[in-house]
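Fold and contact review
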Amino acid sequence: MRLVIIGAPGSGKGTQAARISEKLGVPAISTGDIFRENVRNLTPLGQKATTFMDNGDFVPDAITNQMVRDRLREEDAQQGFLLDGYPRTVAQVDYLDGILNSAELGISAVLQLVVPDSELVSRLLARAAESGRSDDTEQVIKHRLELYHQQTERVVSRYSERGMLVKADGTGSISDVLERALQAVTEASGVLSRLVSQ
Ligand code: AMP
């Protein structure tokens, strides 16, 4: 299975991606996590990404695309993956298409977690108080949400036009959202729904 999960900052996509990938037995590949790890380890990639991340901007497509291409070449991604936080721009959609097409592969389904903006802001402010993430300040949060609406909703439309998009309500408890998300993904990608009840 090759899946993409899309959601605004604060939608819980990272939390759900980890659980969905465990349930389906494919690695969750989070571009945000890979960038943060590189920033922590002071790698050249981290040094390139850090200012963009701190400002709530997207890391440029060329840097992000190359990183994803390299990650998808790793052994554990050969039998499937769940991409979390990529693609976020239309140019990234095109790039991912290119990688997959050249291997004669496709995406099984794209899941969008839907949470109202008002709830996203309150969740992110609460996370800011706890996590100390450098991109969780109020001003940066606002900017990240704007970027989501401006850029990533175009990605959602792209996949929707292709009939690959499924949506799940991202409000409520983690386990309720997980159940809805698995249901949506398994129906969309034709995997036996018994996975949901395991
Ligand atoms: P996330 O943890 O998914 O919210 O990502 C944290 C930050 O990493 C984002 O605000 C961006 O600065 C950067 N980032 C993650 N994924 C991408 C992407 N696909 N394209 C550009 N920048 C990204």
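Criteria and cut-off values
Residues numbered from 1 in each chain as written. Predicted model: local features only at pLDDT ≥ 70, side-chain atom pairs only at ≥ 80, totals over all residues. Heavy atoms only, no water. Near = heavy atom within 4 Å. Polar contact = N/O pair within 3.5 Å; in protein donor to acceptor, adjacent residues only side chain to side chain. Areas by Shrake-Rupley, 256 points an atom, 1.4 Å probe, with all protein chains shown as cover. Helix = DSSP H or I, 4+ residues; strand = E, 2+ residues; numbered from the N terminus. Nonpolar A, V, L, I, M, F, W, Y, C, P; charged D, E, K, R; others polar. pLDDT = per-residue confidence, 0-100. Contact = heavy atoms within 4.5 Å. Axes fitted to C-alpha atoms, helices over the stretch in contact; angles between N-to-C directions. Parallel < 35°, antiparallel > 145°, perpendicular 65-115°, else oblique. Left-handed = near helix turned anticlockwise from the far one by under 90°. Salt bridge = Lys/Arg side-chain N within 4 Å of Asp/Glu carboxyl O. Buried < 20%, exposed > 50% of the residue type's maximum accessible area, 1.4 Å probe, protein only. Expected span 1.5 Å × (residues − 1).

**Quick look at the site of the ligand**
In the vicinity of the ligand lie 16 residues, with Thr 31, Arg 36, Asp 57, Gly 85 and Gln 92 positioned nearest. Between an oxygen atom of the ligand and a side-chain N or O atom of Arg 144, the distance comes to 3.4 Å. Taking 480 Å² as the accessible area of the ligand by itself, protein coverage stands at 97%. A total of 4 residues in the shell around the ligand trace back to one element, the largest contributor, which is helix α2 (residues 31-40). Residues of the shell around the ligand, tallied by class, amount to 5 nonpolar, 5 polar and 6 charged.

**Side note on the confidence of the model for the chain**
Residue-level pLDDT values for the chain average 92, and 96% of them are 70 or greater. Low confidence marks residues 192-196, where pLDDT is under 50. Its contacts with residues over four positions away, or in another chain, come to 7 contacts.

**What to know about the packing of helix α1 (residues 13-24) against helix α8 (residues 174-189)**
Interaxial distance between α1 and α8 falls to 10 Å at its minimum, and their mutual angle equals 55 degrees. Classified by the angle their axes make, α1 and α8 are oblique. The handedness of the crossing between α1 and α8 comes out as right-handed. Every residue of α8 that contacts α1 at Thr 15, Gln 16, Arg 19, Ile 20, Lys 23 and Leu 24 is listed here: Ile 174, Val 177, Leu 178, Ala 181, Leu 182 and Val 185. Of the residues assigned to the contact of α1 with α8, the class counts are 8 nonpolar, 2 polar and 2 charged.

**Looking at the pattern of salt bridges**
Across all of its chains, the model carries 10 salt bridges by this definition. The partner of Asp 76 in a salt bridge is Arg 71, with the nearest N and O atoms 2.8 Å apart. Looking at Arg 71, the relative accessible area reads 16%, which means it is buried. A salt bridge links Arg 162 to Asp 97; the shortest N-O distance between them is 2.7 Å. Pair noted here: Arg 162 is in the loop between α7 (138-161) and β5 (165-169) and Asp 97 is in helix α5 (residues 90-102), with a separation of 65 residues, a long-range link.

**A few points about α8**
End to end, α8 covers 22 Å across 16 residues, agreeing with the expected 22 Å (1.5 Å per residue, within 8%). Two residues or fewer after α8 comes Gly 190, characterised by a positive phi angle close to 75 degrees.

**Here we look at the side chain of Thr 31**
Along the polypeptide, Thr 31 turns up in helix α2. For Thr 31, a relative accessible area of 3% corresponds to the buried category. Engagement of the side chain of Thr 31 in a polar contact is seen with the backbone oxygen of Gly 85, the distance being 3.1 Å. Excluding residues within four positions of it along the chain, Thr 31 makes contact with Met 67, Val 68, Asp 84, Gly 85, Tyr 86 and Arg 88.

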